[in-house]
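Examining the three-dimensional arrangement
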Amino acid sequence: MDEYDEDALRADAMDSWQVWSGKLQGMKEDVQELQAIGSEFSSIPGSHEVAANFVKARDALAAYLHTGEEVFEGIARALLATAIDYMEAENYAAEEVAKVEAEMAAL
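What you are looking at is a predicted structure, and each value in this text was computed from that prediction instead of being measured. (Residues numbered from 1 in each chain as written. Predicted model: local features only at pLDDT ≥ 70, side-chain atom pairs only at ≥ 80, totals over all residues. Heavy atoms only, no water.)

With that out of the way, let us pick up the packing of aromatic side chains. Note on aromatic pairs: each is described by the distance of the centres and the angle between the planes. Under the definition given, this model contains two aromatic pairs. Ring centres 5.1 Å apart and planes at 85 degrees place the aromatic pair Trp17 and Phe72 in the edge-to-face group. Linking Trp17 in helix α1 (residues 6-32) with Phe72 in helix α2 (residues 47-89), this pair joins segments that are 55 residues apart in sequence. Classification of Phe72 as partly exposed rests on a relative accessible area of 23%. A cation sits over an aromatic face here: Lys23 above Trp20, 4.4 Å from the ring centre. (Phe/Tyr/Trp six-rings, centres within 6.5 Å; stacked < 30°, edge-to-face > 60°. Helix = DSSP H or I, 4+ residues; strand = E, 2+ residues; numbered from the N terminus. Buried < 20%, exposed > 50% of the residue type's maximum accessible area, 1.4 Å probe, protein only. Lys NZ or Arg CZ within 6 Å of the ring centre and 35° of its normal.)

This part takes up unusual backbone geometry. A negative phi holds for most residues other than glycine; trans holds for most peptide bonds. Phi is positive for Asn91, which is not a glycine, with a value near 60 degrees. As for its placement among the helices and strands, Asn91 is situated in the loop between α2 and α3 (94-106). A relative accessible area of 68% places Asn91 in the exposed class.

If you check α3, its first and last C-alpha atoms are 18 Å apart, about what 13 residues at 1.5 Å a residue would give, namely 18 Å. Buried residues along α3 sit against α1 and α2. (Expected span 1.5 Å × (residues − 1). Contact = heavy atoms within 4.5 Å.)

Below, the discussion takes up the pattern of salt bridges. This model, assessed by the stated rule, comprises six salt bridges. Two residues, Asp7 and Arg10, come together in a salt bridge whose shortest N-O distance is 4.0 Å. Here the residue Asp7 and the residue Arg10 both occupy positions in helix α1, the gap between them amounting to three residues, near one helical turn. Note that Arg77 is salt-bridged to Glu73, the shortest N-O span being 3.2 Å. You can see Arg77 and its partner Glu73 sitting in helix α2, four residues apart, about one turn around the helix. We classify Arg77 as partly exposed; its relative accessible area is 29%. The network of salt bridges with common partners includes Asp7, Arg10 and Glu103. (Salt bridge = Lys/Arg side-chain N within 4 Å of Asp/Glu carboxyl O.)

Checked against the element boundaries, Gln18 lands in helix α1. Apart from the residues within four sequence positions on either side, Gln18 is in contact with Ala13, Glu73, Ala76 and Leu107.

Here it is as structure tokens:
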């Protein structure tokens, strides 16, 4: 089997990709909180059309951020899975493998 640094894989998964996944999740939640609809948006005649377009754009941005969040979490999971595979192939102690499995379960 190729040589891997399981600690580096774990660190990259948990300290980079998962962190960014969490940031995107927070951004998505912030975007979804924008509830500028109807009279709350504007009282100018015709503003309902602007509000409807705003809601469409807001929802599209939230969906984009959600997809990015899932992609980043998926990369973190793949890195952890690779670390687990390597550790099992190299006959690491079951407790060590279990630690990484717990990290993955926590994602």
